[in-house]
Amino acid sequence: GRIESVASGVPRLDYYTSGGTAGCPALLVEPSGSNLCLQSQDFTTTWSPTNVTVSANVTGTTDPFGTNLAEQLFETTTSGLHFLAQTMSITSGTTYAGSIFFKKAAGSPDWMQVAFSTTGLAGFANFNLTSGTVGNVGAGCTGRIENYGNGWYRCTLIQTATASGTSGGPIPAFINNTDSVTRFVSYAGSTATSIYIFGAQLETGTVPTSYIPTTTASATRNADNISLSGAVSGCVGQTEGTIYAEVDLRALSVARSIFGVSLNSNTTDFANIQINSSNRIFARIRSNTGTVQDVTASSTVTGTTKIAMAYDSSGSVLAINGAIIGTNASGIASWSSGVNFVHVGNGPSAASGSSQGGFFNDRILAPVLYTTRLT
């Protein structure tokens, strides 16, 4: 139930399942991410309060790191809006994910709101901190809530900007025990009402990535580039084989690579399982001559999912959760030489930083290779 930082070369393991309970760890694979918010943990500076006061580094609870960096937001008795804001530039056509961690304090409301506040980016989403659910969401917006344990929930608002300008950023606004149908609610506050807050983040993209702390400047986290090269060709079926992955699909994101093999990390000869631009799981084998075999799932899936692709000279087959959902009878692609590169949660060219990397942006429970075609 705590966020940890790991060094380069150390796998990031998530021990929390989708429901927020501890279990067997999953490998977390994400693309590079940047937090555009400044002072993401210090709401006493850079942030502008409206009818709220901030108590810094409180000892009444530990934050998601297990320390005392969380802060407590108290209402004033003024009748009006009660929120914090930070001004940031936004660009038309860009999708933004604004997130913040909330925890109920004594006397805190059940409902909180994360909102944007500018022309072209003025959405909102409500979140229930008792049930851990998303309430009303503004038009064109998506709301997500994640259980981080110890009473903490990460609440996220996702929206695409329709005009350029400056945004109030992710705004924690008190909603006074009401799942409102509008952005911002005006009411008379109470000094007995408060909420714990932590870790504000504004980033581009349709899926919120792991929290990135900031101080006086934005900060960036490197991509999780996971691969194995060298003497691994004996682990890869060169004429027949099976590629298997068990994944936790929490926030399905388009054009992602889950698990596969290739020749020297290039995009010429490879076999892998992916998520296509329509959010459907599919398997692909590509040869150096440009021949491509595709098998595409007929529908999307979420949650813990078991995916297997088997191939040989008779063609390839894709199975999801034990059920075969498609076949391709064109036979195995003719690889130019021994395929010797394994990539987990990214595509063949991720090692060289190519856009072909297609980082998975989710959690992998098990990747397995077999040198024979399984049923």
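Not measured: the values here are computed from a predicted model.

Colleague: Would you mind going over the sheet that holds strand β1 (residues 13-16) with me for this structure?
Modeller: Sheet strands pair by backbone hydrogen bonding; their relative direction is either parallel or antiparallel. An order of β1-β2-β31-β22-β27-β28-β29 is seen for the 7 strands of this open sheet, with the pairing classed as antiparallel. Two strands close off the open sheet at either side, each with one partner strand: β1 and β29 (323-328). Sheet twist, expressed as the average angle between the axes of neighbouring strands with direction ignored, equals 30°. The pairing of strand β22 (residues 241-249) with strand β27 (residues 303-312) spans 9 bridges and is antiparallel. The residue bridging Tyr244 from the neighbouring strand is Ala308, located in β27.

Colleague: Before we go on, may I ask you to explain the environment of Gly1 in this structure?
Modeller: Checked against the element boundaries, Gly1 lands in the segment before β1. Owing to a relative accessible area of 59%, Gly1 belongs among the exposed residues under this scheme. Separated by 151 residues in sequence, Gly1 and Trp152 have C-alpha atoms that sit 9.1 Å apart. Leaving out residues up to four positions away in the same chain, Gly1 has contacts with Tyr16, Pro64 and Tyr148.

Colleague: Sorry, what's going on with the environment of Val114 here?
Modeller: By the element assignment, Val114 lies in strand β11 (residues 111-115). Relative accessible area serves as the criterion here: at 0%, Val114 is assigned to the buried category. The spacing of Val114 and Val368 is 254 residues in sequence and 40 Å in space, taken between C-alpha atoms.

Colleague: How should I be thinking about the packing of aromatic side chains in this particular structure?
Modeller: The relation between two aromatic rings is expressed through the spacing of the ring centres and the mutual angle of the planes. Following the criterion strictly, the structure yields 9 aromatic pairs and no others. Geometrically, the ring pair formed by Phe43 and Trp47 is tilted, given 5.1 Å between the ring centres and 50° between the ring planes. A network of ring pairs unites the aromatic residues Phe65, Phe101, Tyr148, Trp152, Phe198 and Tyr211 as a single cluster. Lying across the ring of Phe184, Arg183 places its NZ or CZ 4.7 Å from the centre.

Colleague: Could you clarify how one ought to interpret the side chain of Asn361 in this entry?
Modeller: Along the chain, Asn361 turns up in the loop between β30 (341-344) and β31 (362-370). Filtering out sequence-adjacent residues up to four positions away, Asn361 remains in contact with Val29, Glu30, Pro31, Val207, Thr209, Ser253 and Arg256.

Colleague: So what exactly am I meant to see when it comes to the pairing of strand β10 (residues 95-104) here?
Modeller: For a regular strand, the rule is simple: side chains alternate between the two faces of the sheet. Burial analysis of β10 places 9 of its 10 residues in the buried class, the great majority of the element. Relative to strand β15 (residues 152-160), β10 runs antiparallel, the two being bridged by 9 bridges. Paired with Tyr96 across the two strands is Gln159, which belongs to β15. Across 8 bridges, β10 lies against strand β19 (residues 194-204) in antiparallel orientation. Considered in β19, the bridge of Tyr96 is made with Thr204.

Colleague: When you look at the pattern of salt bridges in this model, what are you seeing that I'm missing?
Modeller: Oppositely charged side chains may form a pair once their charged atoms are brought near each other. Evaluation of the coordinates by the stated rule reveals 11 salt bridges. Residue Arg144 pairs with Glu146 through a salt bridge whose shortest N-O separation is 3.9 Å. The pair Arg144 / Glu146 is uniform in exposure class, with both members buried. Between Arg373 and Asp312 there is a salt bridge; the shortest N-O distance is 2.9 Å. With Arg373 in the segment after β31 and Asp312 in strand β27, this pair connects stretches of sequence that are 61 residues apart. Look at the salt bridges and you will find they share partners, linking Asp14, Asp248, Arg250, Asp362 and Arg363 into a network.

Colleague: Help me understand the sheet that holds strand β25 (residues 281-286) in this model?
Modeller: Here 6 strands make up an open sheet; going across it, the order is β21-β30-β23-β24-β25-β26 and the pairing antiparallel. Pairing within the sheet leaves two strands with one partner each, and these edge strands are β21 (226-229) and β26 (292-296). Pairs of neighbouring strands in the sheet enclose a mean axial angle of 15°, with direction left out of account. In this sheet, β30 lies alongside β21 in antiparallel orientation, the contact comprising 4 bridges. If you follow Leu228 over to β30, its bridge partner there is Val342.

Colleague: Looking at this structure, how should I read the pairing of β27?
Modeller: Where β27 lies against strand β28 (residues 315-320), 6 bridges are found, and the strand directions are antiparallel. Bridge pairing links Asp312 to Gly315 in β28. What sits between the antiparallel neighbours β27 and β28 is a turn of 2 residues.

Colleague: I'm lost on the nonpolar core in this one. Help?
Modeller: As a rule of thumb, nonpolar side chains are buried together in soluble globular proteins. Residues Val247, Ile258, Phe259, Ile273, Ile281, Met309 and Phe360 are the most contacted members of the largest nonpolar core, which totals 31 residues. Of all the secondary-structure elements, those providing two or more residues to this core are β2 (22-29), β22, β23 (256-262), β24 (270-275), β25, β27, β28 and β30. Of the residues forming this core, the biggest block, 4 residues, is contributed by β22. Residues in contact with Val247, not counting those within four places in the same chain, are Ile258, Gly303, Thr304, Thr305, Ile307, Phe360, Arg363, Ile364 and Leu365. Core analysis: the second largest hydrophobic core is formed by 30 residues, Ile90, Phe102, Leu129 and Ala161 among them.

About the thresholds
Residues numbered from 1 in each chain as written. Predicted model: local features only at pLDDT ≥ 70, side-chain atom pairs only at ≥ 80, totals over all residues. Heavy atoms only, no water. Pairing = 2+ DSSP bridges. Helix = DSSP H or I, 4+ residues; strand = E, 2+ residues; numbered from the N terminus. Axes fitted to C-alpha atoms, helices over the stretch in contact; angles between N-to-C directions. Buried < 20%, exposed > 50% of the residue type's maximum accessible area, 1.4 Å probe, protein only. Contact = heavy atoms within 4.5 Å. Phe/Tyr/Trp six-rings, centres within 6.5 Å; stacked < 30°, edge-to-face > 60°. Lys NZ or Arg CZ within 6 Å of the ring centre and 35° of its normal. Salt bridge = Lys/Arg side-chain N within 4 Å of Asp/Glu carboxyl O. Core = buried A, V, L, I, M, F, W, Y, C linked by side-chain atoms within 4.5 Å.

Bear in mind that shape data such as this cannot, by itself, settle questions of function.
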